[in-house]
Amino acid sequence: MFGLADTLRRGQGGDAAGARVPHDAAALAASLPRLVLEARRVASTIIHGLHGRRRAGTGENFWQFRRFTDGEPANRVDWRRSARDQHLYVREQEWEAAHTVWIWPDRSASMRFASDLAKVSKHDRTLVIAFALAEILVRGGERVGIPGLMRPTASRAVIERMADAILADAAGKATNLPPRTPVSRLSEAVILSDCLVRPETFAETVKNLAAGGSRGHVLMINDPVEETFPYRGRVEFEELEEGLTITAGRAETWRDDYVARLADHRAALRRECETRGWSFGLHRTDQAPAGALLALHQRMGPGPLDLAAAAPARGTARR
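## Details of the overall build of the protein
Phase 1: Each helix and strand counted, the protein has 8 helices and 14 strands in total.
Phase 2: Scored against the burial criterion, the 319 residues of the protein give a buried share of 48%.
Phase 3: Across the protein, every contact between residues at least 6 apart in sequence was considered, and the portion connecting residues at least 24 apart equals 75%.
Phase 4: Of the accessible surface of the protein, which amounts to about 15500 Å², a share of 49% is contributed by carbon and sulfur atoms.

## Things to note about the pattern of salt bridges
Phase 1: If you walk through the whole model with that rule in mind, you get 14 salt bridges.
Phase 2: Linked through salt bridges whose partners overlap, the residues forming this network are Arg40, Glu135, Arg139 and Glu160.

## Considerations on the sheet that holds strand β14 (residues 279–284)
Phase 1: An order of β9-β8-β6-β10-β11-β14 is seen for the 6 strands of this open sheet, with the pairing classed as mixed. At either margin of the open sheet sits one strand with a lone partner, and together these are β9 (150–153) and β14. Going from strand to strand, the sheet's axes swing by 15° on average, the running direction of each strand aside.
Phase 2: Summarising the sheet, strand β6 (residues 100–105) and strand β10 (residues 188–193) pair through 5 bridges and their orientation is parallel. Note that in β10 the partner of Val101 across the bridge is Glu188.
Phase 3: Helix-sheet contacts for helix α4 (residues 158–168) involve β6, β8 (143–146) and β9, and the interaxial angle to β9 is about 175°.

## Some words on helix α8 (residues 289–298)
Phase 1: Counting buried positions over the 10 residues of α8 gives 7, a clear majority of the element.
Phase 2: Where α8 is concerned, the buried positions are Pro289, Ala290, Ala292, Leu293, Leu294, Leu296 and His297.
Phase 3: Where the residues of α8 are buried, they touch α1 (25–46), α3 (122–139), β10, β11 (215–222) and β14.

## Quick word on the pairing of strand β12 (residues 235–239)
The two faces of the sheet receive side chains in turn, since in a regular strand these alternate between them.
Phase 1: Counting buried positions along β12 gives 4 out of 5 residues, so the element sits mostly inside the fold.
Phase 2: Sheet topology note: the β12/strand β13 (residues 244–248) ladder contains 5 bridges and is antiparallel. In the sheet register, Glu238 faces β13, and the bridge partner there is Thr245.
Phase 3: Taking the residues that link successive antiparallel strands as the turn, the β12-β13 hairpin has 4 residues, and the phi of Gly243 there is positive, at about 75°.

The rules behind each value
- Numbering of residues begins from 1 in every chain and follows the order in which that chain's sequence is written.
- Reporting in this predicted model follows two pLDDT cut-offs: at least 70 for local features of residues, and 80 or more for side-chain atom pairs to be given and counted; totals over whole chains, interfaces and linings ignore these cut-offs and use all residues.
- Hydrogens and water molecules were not included; the side-chain quantities draw on all heavy atoms of the structure.
- Only runs of H or I of at least four residues qualify as helices and only runs of E of at least two qualify as strands under DSSP, and these elements are numbered from the N terminus.
- For each residue, the accessible area found with a 1.4 Å probe, counting protein chains only, is set against the maximum for its type, and the residue is called buried under 20%, exposed over 50%, and partly exposed in between.
- Should any heavy atoms of two residues lie within 4.5 Å, those residues are considered in contact.
- Exposure was quantified through the Shrake-Rupley algorithm and a 1.4 Å probe, taking into account, for residues, occlusion by the shown protein chains and nothing else.
- Salt bridges are defined as contacts in which a side-chain nitrogen from Lys or Arg sits within 4 Å of a carboxyl oxygen from Asp or Glu.
- At least two DSSP bridges between two strands are required for those strands to pair.
- Here, axes are lines fitted to C-alpha atoms. For helices the fit covers the stretch in contact, and angles between N-to-C directions go from 0 to 180 degrees.

See below:
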């Protein structure tokens, strides 16, 4: 997959899109406030009409009245409601089916890539989607964690906690895929990554995460030049993970083989996800993040998460 996760050094005669590859702990610290604000803005545009996966059970909030049935304890009768007509009613409380969602934002070296065709790097876009998704989930009563980095929390300050955990680990677990994490059947895993790894490595990670019967979702995030390969002329590519370089004398002659290889790679990842019952989606950094976030959220949860599928609207609503 050499060249998928590269930074471009323009060679003589080359006229492909240039690249920006920032990054160190100071740059991350400086960019996080901006990314947090962007994530809140994106989340606020699509949080609309969210309803919890509700059913009767132990809880603090009133859900509904239902008819009393023979054999139930008499102390369950709501006498005030029953006094309104000739039937006995039971007051049921709401049981919130909250579960844990493990979100993995890929922060590896390949994510630093940003061409002139995109306004943001893959790294920044990944964090914005991760933060915005966490905001939506927590507002809906769920818990969010980062595998190996942050314990699950339902705090309304989840974005700040995620940012703090990532900043504290700026030089640590910045790997393509999440570490082995016990994910229960009632939990879900979300991988946000450029997925520039060998298919067998990807398959092993998904297999481990799905071993407990959990559901999962993968969103492959790429820069537009990683799809279109618009390079021409003499171009030197640098692989950011290993620091290797390769030079193309006429880069345009590589395009067809490259596009075919990328399609095969994506097909292999998609097959692995489908085998495990996971979803697989694609997102380019020259596209708005709200659409990818909305589609991702709609695929989540075993219950009837009622997220309006209409065009994103501003405003928030609580479950």
